Number of protein chains: 2
Amino acid sequence: MKKTRTGNSRELLIDAAEAVVLRDGGSTLTLDAVAAEAKVSKGGLLYHFPSKDALIEAMIERLIRTFTASLELALQSEPPTRGRFARALVRAMFDRPPELAEKESRMSASLLAGVANQPRLLDPLRNAYARWMKAVAADGLPPGRSMAVFAALDGIWLWSLFGIYQPTPTQLRAIRIVLEELIATDAS
Amino acid sequence: MKKTRTGNSRELLIDAAEAVVLRDGGSTLTLDAVAAEAKVSKGGLLYHFPSKDALIEAMIERLIRTFTASLELALQSEPPTRGRFARALVRAMFDRPPELAEKESRMSASLLAGVANQPRLLDPLRNAYARWMKAVAADGLPPGRSMAVFAALDGIWLWSLFGIYQPTPTQLRAIRIVLEELIATDAS
DNA sequence: GTCTATATCAAGATAGAC
DNA sequence: GTCTATCTTGATATAGAC
């Protein structure tokens, strides 16, 4: 713990930024709003994050860390048999506390939206996916299965991200069963 | 053809807006840029679309119409057996000319991004999904199958939308086969 | 490290002439 | 229906004091 640095302030500022997005939506993510939320002046904020992009990048990285953590957790309790990674993905997506999932959805949507035109900011996400896709490829199932499961989960995520469609709990259960069968069934 | 109205001008302006987005990205979709592209003044543009939101809404509606049309086409050549809608979805997504798909992806991403904070503008998309989900529910397959297929297609779409991950042709083929088997296989 | 004050700018929208 | 000119706002970022 030698290096406290400015690390803690940064985390607090990211907290504030998240609070703003969750409370008022992504379009209100302005430096003023974040500074106010953190009870800091804009100058103070800009000391830690020299630009708004830097702030957004940090928010994205935190979001990825959070998801990665719950994926790791799910992985640990999966037996190392074929389809392990796919099973962990399914659990990480479906078994997340609903209100947490809802928050992360809104956060993700706002960030994706704010960032879609500056592809560079999505690099951390791209890197994360590249890693996951490697795991998918090494998952031991017949070709395409794990990736199809991954895609389906991301499809549901997309619907929720932009409020495009809200599956009922029954529908979600049905989809989950289909995906789990896809993982469990032997190649045809 | 009695009502020509301002319809044609509107279409030309939407063409221009699309051209701007495709050439320079979504963040450059400004009234000035669209007006310049259409060789019209900003005032002229605003005569037809009283606000930028109105323009974006029209762009979204056109995009939905386009996709709906190719889905209808795919539907027509599918035999009316169980899983018809799911099969049509698969074909509409996979068999689209690649460079067209790429354009539509970029368009969609820019529009989604610009609009994520004003959920009302996504209403046309929500309505379209509501219709499709009805068709999915009536598709005749075991519960969750058609919807899982739909989700998987949208997941791949999401990856492409934001350039998150680019599946190889081999991977795409493998996924497609998995999905088609999911549609064709009897309930387990 | 944090603050205030200010520069700068881009963009949406309005008004009114033609 | 289309144009020019202008208003207004809201946001990023900088400069420099404390």
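Fair warning: this is a prediction, and the values are worked out from it, not measured in the lab. (Residues numbered from 1 in each chain as written. Chains lettered and ligands numbered in written order. Predicted model: local features only at pLDDT ≥ 70, side-chain atom pairs only at ≥ 80, totals over all residues. Heavy atoms only, no water.)

(A) Local environment of the overall build of chain A. If you tally the helices and strands in chain A, you get nine helices and zero strands. Counting helices and strands in the order they occur from the N terminus, chain A gives α-α-α-α-α-α-α-α-α. Seen through its principal axes, chain A has C-alpha atoms that stretch 60 × 40 × 30 Å. Burial analysis of chain A (188 residues in total) assigns 47% to the buried set. Within chain A, contacts between residues at least 6 apart in sequence are counted, and of these 64% link residues at least 24 apart. Summed over its atoms, the accessible surface of chain A is roughly 9500 Å², and 57% of this surface lies on carbon and sulfur atoms. Distance between charge centroids for chain A: 4 Å, based on 24 positive and 21 negative side chains. (Helix = DSSP H or I, 4+ residues; strand = E, 2+ residues; numbered from the N terminus. Buried < 20%, exposed > 50% of the residue type's maximum accessible area, 1.4 Å probe, protein only. Contact = heavy atoms within 4.5 Å. Areas by Shrake-Rupley, 256 points an atom, 1.4 Å probe, with all protein chains shown as cover. Lys, Arg positive; Asp, Glu negative; His and termini not counted. Charge placed at Lys NZ, Arg CZ, Asp CG, Glu CD.)

(B) Region of interest: the interface of chain A and chain B. Taken together, the contact pairs 39 residues of chain A with 39 residues of chain B. On inspection of chain A and its partner chain B, the count reaches zero salt bridges. Taken together, the links from chain A to chain B amount to ten residue pairs in polar contact (both at pLDDT 80 or more). Put simply, the parts of the chain that give the side of chain A that touches chain B at least two residues each are helix H6 (98-115), helix H7 (123-137), helix H8 (145-161) and helix H9 (169-184) of chain A. Ranked by the residues each element gives to the side of chain A that touches chain B, the list is headed by H8(A), at twelve residues. The class makeup of the residues in the side of chain A that touches chain B is 26 nonpolar, nine polar and four charged. (Salt bridge = Lys/Arg side-chain N within 4 Å of Asp/Glu carboxyl O. Polar contact = N/O pair within 3.5 Å; in protein donor to acceptor, adjacent residues only side chain to side chain. Nonpolar A, V, L, I, M, F, W, Y, C, P; charged D, E, K, R; others polar.)

(C) Here's a closer look at the relation of the copies chain A and chain B. For these two chains of identical sequence, chain A goes onto chain B by a turn of 180° and a shift of 0.0 Å along the axis, with RMSD 0.0 Å. Within this description, the copies of the chain are treated as partners about a two-fold rotation axis. A high fraction, 100%, of the interface residues of chain A reappear at the interface in chain B, so the copies pair face to face through one surface. (Least-squares fit on C-alpha atoms with pLDDT ≥ 70 in both.)

(D) Focus on the packing of helix H5 (residues 84-94) of chain B against helix H9 (residues 169-184) of chain B. All names here are of chain B. Between H5 and H9, the least distance of the axes is 10 Å, while the angle of their chain directions is 170°. One way to sum up the angle between H5 and H9 is to call them roughly antiparallel. Note on element contacts: H9 touches H5 through Leu-172, Arg-176, Leu-179, Glu-180 and Ile-183, opposite Ala-86, Arg-87, Val-90, Arg-91 and Phe-94. Residues of the contact of H5 with H9, tallied by class, amount to six nonpolar, no polar and four charged. (Axes fitted to C-alpha atoms, helices over the stretch in contact; angles between N-to-C directions. Parallel < 35°, antiparallel > 145°, perpendicular 65-115°, else oblique.)

(E) Looking closely at the nonpolar core. With 125 residues, the main nonpolar core has Met59(A), Tyr129(A), Trp159(A), Met59(B), Tyr129(B) and Trp159(B) as its most contacted residues. Filtering out sequence-adjacent residues up to four positions away, Tyr129(A) remains in contact with Phe150(A), Asp154(A), Trp157(A), Trp159(B), Ile164(B) and Tyr165(B). (Core = buried A, V, L, I, M, F, W, Y, C linked by side-chain atoms within 4.5 Å.)

(F) Expanded view of unusual backbone geometry. Phi at Lys39(A) is positive, roughly 55°, even though this residue is not glycine. By secondary structure assignment, the location of Lys39(A) is in the loop between helix H2 (31-37) and helix H3 (42-48).

(G) Broad picture of the domain arrangement of chain A. All names here are of chain A. By the assigned domains, chain A splits into domain 1 (1-50) and domain 2 (57-184). Here the C-alpha centre of domain 2 lies 27 Å away from the C-alpha centre of domain 1. The interface is formed by twelve residues belonging to domain 1 together with eight residues belonging to domain 2. Seen at the junction of domain 1 and domain 2, the total is three salt bridges. Applying the counting rule to domain 1 against domain 2 returns five residue pairs in polar contact (both at pLDDT 80 or more). Tallied by class, the residues present in the side of domain 1 that touches domain 2 amount to six nonpolar, two polar and four charged. (Domains from an automatic or database assignment.)

(H) Focus on H6(A). Look at H6(A): 25 Å from first C-alpha to last across 18 residues, which is about the 26 Å you get at 1.5 Å a residue. Those residues of H6(A) not exposed but buried are Glu104(A), Ser105(A), Met107(A), Ser108(A), Ala109(A), Ser110(A), Leu111(A), Leu112(A), Ala113(A) and Val115(A). (Expected span 1.5 Å × (residues − 1).)

(I) Quick look at the packing of aromatic side chains. For the structure on display, the rule yields 13 aromatic pairs over all chains. Pairing Trp159(A) with Tyr165(A) gives two aromatic rings, centres 5.9 Å apart and planes at 85°, and the pair type is edge-to-face. Like Tyr165(A), Trp159(A) is buried. Seen from their ring centres, Phe67(B) and Trp132(B) are 5.4 Å apart, and the 75° between their planes marks the pair as edge-to-face. Separated by 65 residues along the polypeptide, Phe67(B) in helix H4 (residues 52-76) and Trp132(B) in helix H7 (residues 123-137) bring together distant segments of the chain. No difference in accessibility class separates Phe67(B) from Trp132(B), as the two residues are buried. One aromatic cluster in this structure is built from Phe67(A), Tyr129(A), Trp132(A), Phe150(A), Trp159(B) and Tyr165(B). (Phe/Tyr/Trp six-rings, centres within 6.5 Å; stacked < 30°, edge-to-face > 60°.)

(J) Up close: the side chain of Asp139(B). All names here are of chain B. Within the secondary structure, Asp-139 sits in the loop between H7 and helix H8 (145-161). With no salt bridge to any partner, buried Asp-139 finds its closest opposite charge in Arg-87, at an N-O distance of 6.8 Å. Discounting residues that sit within four places of it in the chain, Asp-139 has contacts with Arg-82, Gly-83, Arg-84, Phe-85, Ala-86 and Ser-146.

(K) Seen up close, the packing of helix H4 (residues 52-76) of chain A against helix H5 (residues 84-94) of chain A. All names here are of chain A. Contact geometry for H4 and H5: axes closest at 8 Å, N-to-C directions at 125°. Classified by the interaxial angle, the pair formed by H4 and H5 is oblique. Pair H4 / H5 crosses with right-handed handedness. Residues Phe-67, Ser-70, Leu-71, Ala-74, Leu-75 and Gln-76 of H4 lie in contact with H5, whose contacting residues are Arg-84, Phe-85, Ala-88, Leu-89, Arg-91, Ala-92 and Met-93. In the contact of H4 with H5, the residues fall into nine nonpolar, two polar and two charged. (Left-handed = near helix turned anticlockwise from the far one by under 90°.)

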